[in-house]
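The chain contents come next:
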Amino acid sequence: MPNDKNLLVDWIPFNETKQVLNEGAGGEPMKVKGVLQRAEAKNQNGRIYPKDVLKEEAKRYKRNRIKENRALGELDHPDSEVVNLQNASHKITSMSWNGNDLVGEVQVLTTPAGEILQELFRNNVNV
């Protein structure tokens with residue numbers, strides 16, 4: 001198993017530039033796109049990450065999580081980078097840079113937590 005001890009554990013509200021790509025109708029999973037992390041700006045935890053640091057972490061995350069189809073997230077912010085599978089709500093399927101914003105495409109899972117997340121998005125709640 002890859003060493004993920006150095007992964008950055010922070011959060012940013014998923015409301016800026018949030019775009020619903022697929023509503024999840026007809027059995028298709030809901031997909032949304034938005035800012036996952038922002039470089040060179042203070043985040044909700046009061047930290048500022050240099051872009052070069054985030055770029056390296058993003059490369060590692062793509063290689064070790066997204067490519068291996070295990071880039072899962074929880075509905076609430078977990079205490080560590082280890083996702084409790086029973087709380088998984090979404091899967092990051094891709095990410096790229098747009099200026100200092102690391103933007104990602106997220107597939108909402110059909111798990112209990114994912115169903116809650118879908119309803120929050122459908123009701124325009126900022127998560």
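Residues numbered from 1 in each chain as written. Predicted model: local features only at pLDDT ≥ 70, side-chain atom pairs only at ≥ 80, totals over all residues. Heavy atoms only, no water.

### Section: the overall build of the protein chain
This is how the line gets drawn: Helix numbers and strand numbers start at the N terminus; a helix is a DSSP run of H or I with at least 4 residues, a strand a run of E with at least 2. Only protein chains enter the calculation, and the probe is 1.4 Å; a residue is then buried if its accessible area is under 20% of its type maximum, exposed if over 50%, and partly exposed in between. In this analysis, two residues are considered to be in contact whenever any of their non-hydrogen atoms come within 4.5 Å of each other. Working definition of accessibility: Shrake-Rupley area with a 1.4 Å probe, residue cover restricted to the visible protein chains.
Along the backbone of the protein chain there are two helices and five strands. Ordered by position from the N terminus, the helices and strands of the protein chain form the series β-β-α-β-β-β-α. Across the 127 residues in the protein chain, those meeting the buried criterion constitute 35%. For the protein chain, the proportion of contacts with a sequence separation of at least 24, taken over those separated by at least 6, is 52%. A total accessible area of about 7600 Å² is found for the protein chain, and carbon and sulfur atoms account for 47% of it.

### As for helix H1 (residues 51–66)
Our working definition: To obtain the arc, one takes the directions from the helix axis to the C-beta atoms.
Buried residues of H1: Leu-54, Glu-57, Ala-58, Tyr-61, Asn-64, Arg-65 and Ile-66, and no others. One side of H1 holds all its buried residues, which, seen down the axis, span an arc of 150°. Close packing links the buried residues of H1 with strand E2 (31–38), strand E3 (72–74), strand E4 (88–98) and strand E5 (101–108).

### Quick look at helix H2 (residues 112–122)
Every buried residue of H2 is accounted for by Ala-113, Gly-114, Leu-117, Gln-118 and Phe-121. All buried residues of H2 project into a common sector of 145° when viewed along the axis, lining one side. Looking at the buried residues of H2, the elements they touch are E2, E4 and E5. Just downstream of H2 lies Asn-124, where phi reads positive at about 55°.

### What to know about unusual backbone geometry
For Glu-40, which is not a glycine, the phi torsion comes out positive at approximately 60°. Judged by its relative accessible area of 46%, Glu-40 is partly exposed. Here the phi dihedral of Asn-69 falls at roughly 60°; this positive angle occurs in a residue that is not glycine. Within the secondary structure, Asn-69 sits in the loop between H1 and E3.

### Structural notes on the pattern of salt bridges
Inclusion rule: We count a salt bridge whenever a side-chain nitrogen from Lys or Arg sits within 4 Å of a carboxyl oxygen from Asp or Glu.
This model, assessed by the stated rule, comprises five salt bridges. One salt bridge connects Arg-38 with Asp-101, and the closest N-O pair in it is separated by 2.6 Å. Pair noted here: Arg-38 is in strand E2 and Asp-101 is in strand E5, with a separation of 63 residues, a long-range link.

### A short note on the nonpolar core
Test applied: As used in this record, nonpolar core signifies buried Ala, Val, Leu, Ile, Met, Phe, Trp, Tyr and Cys residues forming a set joined through side-chain atoms within 4.5 Å.
If you look at the biggest cluster of nonpolar residues, it comprises 13 residues, and the most contacted ones within it are Tyr-61, Ile-66, Ile-92, Met-95 and Phe-121. Elements that contribute at least two residues to this core include exactly H1, E4, E5 and H2. With residues up to four places along the chain from it excluded, the contact list for Ile-92 reads Leu-36, Tyr-61, Ile-66, Ala-71, Glu-105 and Val-106.

### Considerations on the confidence of the model for the protein chain
The line we're drawing: By definition, pLDDT measures how confident the predictor is in each residue, and it falls between 0 and 100.
Predicted confidence across the protein chain gives a mean pLDDT of 83, with 80% of residues reaching 70 or more. Within the protein chain, no element has a lower average pLDDT than strand E1 (residues 19–22), which sits at 63, and none a higher one than E4, at 96.

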